[in-house]
Amino acid sequence: MPLPRLCTQFLGLALLLHATAWGQKAEVKPQPPAAAKPQTIKIVMRDGLRFDPPRFEGKPGADVVISLENLDSTDQMHNFVLVKPGRRDAIVNASLQLADKGPALQFVPPGTDVLAASKLLAPEKKDSLRLSLPKEPGIYPFVCTFPGHGLVMYGAAYVGVRMPPLKQDKNIPATAAQTFIAGGGRRPFAQRIFMPNSGPAAIAIALPGDLNACWDAGVCRMRYVWKGEFIDATKNWAGNGRDLPKLGDKPFWTAAPDEVAIRFGSANAAAPQAKFLGYTLDQGFPTFRYTLDGIEVKERVAVSKAGEVVREFKIPKATGDVFVNVGDNPNGEGFAAWRSHSGKRDGGTLHLTKEEATAFTLTLQTIKQ
């Protein structure tokens, strides 16, 4: 008489356990590795026949998704066409030769010079392209081939090649470069934005000439000063904010780490508690208001007639002497130092009476090139 089905199952389980006990292992098939998530690159078509951002970086052979959106408020149609290096002008000219065949081809000329192309997007429409970037490093142009657009509406994909400073990039329109310099080239100008080597409450300041500064509202102090181009915010504005803006050059003055410049009563007094109260702009120059241990401070950042960065302080309610750290070379490079006609200097500390602290100025002077 055959065993009941339940008994058969128990017998099979017992045999399996017996086999396992003697070191026999069931075969386990390896699982395939999870596919890597593709890099998403968001590009928007905007007024003035321009791509936003006008350039991006990628690794050779990388799997990417180009996310496109037409936000041109002037009712223009646009597409995105990625082409081989040096073939942008040829593709633009070929698109003009399509004549009445253009609409059916989305104004994308056939041929091997075109590596990828979107459909033609009407205003407020979206499209996305998933592709593998070329394996050969190089600068690959992208362009809108709608008739009349390609002469000015183009950009560049830097594949395995570092992007140059925005203003020096010959592969994008000059107008596009200005668009991604915060403030559009205006000077003076102040911009709340995440900055490298600063807290999350940074304020970037473009001063007349080629001077720039980063002021940290979180700890109420100047972080660093640099010359040259203001911040290139291309990646920061195009992404999720994780990519920080790029400075035009390396800072020539940097505050010492975690240094609070002002002390009350003694140069060795504990660092005061800072509280940011906001800032105002006067002809583009910012005046920051904050308290240190409850004592109000006003700090205006500007440029002197001699073209030097100045910080104009007002501490009218100081209850005693004020001490300001003005170390010559806190960044260890010795390029610049803060000087003042008020108070007495003792090494890297400026000692001010409470009367002198009512209004005093620090000037950043170059001491070695």
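Look above for the structure.
The rules we used
Residues numbered from 1 in each chain as written. Predicted model: local features only at pLDDT ≥ 70, side-chain atom pairs only at ≥ 80, totals over all residues. Heavy atoms only, no water. Helix = DSSP H or I, 4+ residues; strand = E, 2+ residues; numbered from the N terminus. Polar contact = N/O pair within 3.5 Å; in protein donor to acceptor, adjacent residues only side chain to side chain. Buried < 20%, exposed > 50% of the residue type's maximum accessible area, 1.4 Å probe, protein only. Arc of directions from axis to C-beta. Contact = heavy atoms within 4.5 Å. Pairing = 2+ DSSP bridges. Salt bridge = Lys/Arg side-chain N within 4 Å of Asp/Glu carboxyl O. Axes fitted to C-alpha atoms, helices over the stretch in contact; angles between N-to-C directions. Core = buried A, V, L, I, M, F, W, Y, C linked by side-chain atoms within 4.5 Å. Phe/Tyr/Trp six-rings, centres within 6.5 Å; stacked < 30°, edge-to-face > 60°. Lys NZ or Arg CZ within 6 Å of the ring centre and 35° of its normal.

### Regarding the side chain of H149
Stage number 1. By the secondary structure assignment, H149 is in the loop between β8 (138-143) and β9 (154-159).
Stage number 2. At a separation of 3.2 Å, a polar atom in the side chain of H149 contacts the side chain of H78.

### What about helix α2 (residues 88-96)?
Stage number 1. What α2 keeps buried is the set R88, I91, V92 and S95. The buried residues of α2 occupy an angular sector of 100 degrees when projected down its axis, which confines them to one face.
Stage number 2. Contacts from the buried residues of α2 go to β5 (81-83), β6 (114-117), β8 and β9.

### Some thoughts on the sheet that holds strand β11 (residues 202-206)
Stage number 1. On the basis of which strands lie adjacent, the open sheet formed by five strands has the order β10-β11-β12-β13-β14 and antiparallel pairing. Lying at the two open borders of the sheet, with one neighbouring strand each, are β10 (189-192) and β14 (253-254).

### Points about the environment of P286
Stage number 1. Relative to the elements of secondary structure, P286 occurs in strand β17 (residues 285-292).
Stage number 2. In the structure, P286 is positioned 83 residues away from I203 in sequence and 9.8 Å away in space, judged by C-alpha atoms.
Stage number 3. In this view, P286 contacts I205, Y279, T280, L281, E299, R300 and V301; residues no more than four positions away in its chain are not counted.

### Re the pattern of salt bridges
Stage number 1. In total, this model carries ten salt bridges according to the counting rule given.
Stage number 2. The salt bridge involving D232 is made with R55; its shortest N-O contact spans 2.9 Å. Taken as a pair, D232 in the loop between β13 (221-227) and α4 (234-238) and R55 in strand β3 (residues 55-58) lie far apart in primary sequence, 177 residues in all.
Stage number 3. The class for D232 is buried, based on a relative accessible area of 7%.
Stage number 4. Across the pair R87 and D113 runs a salt bridge whose closest N-O atoms are separated by 2.9 Å. Of the two residues, R87 is situated in the loop between β5 and α2 and D113 in the loop between α2 and β6; the sequence distance between them amounts to 26 residues.
Stage number 5. Members of the salt-bridge network, linked through shared partners, are R55, D169 and D232.

### A closer look at the sheet that holds β17
Stage number 1. Across the sheet, six strands lie side by side as β16-β17-β18-β19-β24-β21; this open sheet has antiparallel pairing. Unpaired on one side and paired on the other, β16 (274-282) and β21 (336-339) mark the two borders of the sheet. In this sheet, neighbouring strand axes are inclined to one another by 20 degrees on average, regardless of whether the strands run parallel or antiparallel.
Stage number 2. Where β17 and strand β18 (residues 295-303) come together, six bridges link them in antiparallel fashion.

### Focus: the nonpolar core
The nonpolar side chains of soluble globular proteins are, as a tendency, buried together.
Stage number 1. Residues W215, W253, I262, Y290, I315, V322 and V324 are the most contacted members of the largest nonpolar core, which totals 42 residues.
Stage number 2. Ranked by size, the runner-up nonpolar core spans 22 residues in total, among them F51, L68, F80 and L133.

### Overview of the packing of aromatic side chains
Stage number 1. A complete count under the given rule lists 14 aromatic pairs for this structure.
Stage number 2. Relative to F142, the ring of F51 has its centre 5.2 Å away and its plane inclined at 80 degrees; by these criteria the two rings are edge-to-face. Pair noted here: F51 is in strand β2 (residues 50-52) and F142 is in strand β8, with a separation of 91 residues, a long-range link.
Stage number 3. Residue classification places F51 among the buried positions, given a relative accessible area of 1%.
Stage number 4. Taken together, a centroid distance of 5.2 Å and an interplanar angle of 70 degrees make the contact between F107 and F146 edge-to-face. With a gap of 39 residues between them, F107 in the loop between α2 and β6 and F146 in the loop between β8 and β9 connect regions that are remote in the sequence.
Stage number 5. F107 sits in the buried class, given a relative accessible area of 11%.
Stage number 6. Members of the aromatic cluster, each reached through a chain of ring pairs, are W215, F276, Y279, F288 and Y290.
Stage number 7. Positioned above the aromatic ring of F252, the side-chain terminus of K227 is 5.7 Å from the ring centre.
Stage number 8. Taking the ring centre of W338 as reference, the NZ or CZ of R311 above it sits at 4.8 Å.

### What about the pairing of β13?
Stage number 1. Burial within β13 is extensive, with six of its seven residues counted as buried.
Stage number 2. Two elements, strand β12 (residues 211-216) and β13, share six bridges in a ladder whose sense is antiparallel. Bridge pairing in β13 links C214 to Y224.
Stage number 3. Between β12 and the antiparallel strand that follows it, β13, lie four residues; C220 among them carries a positive phi value of about 55 degrees.
Stage number 4. Sheet topology note: the β13/β14 ladder contains two bridges and is antiparallel. Looking across to β14, one finds that Y224 is bridged to T254.

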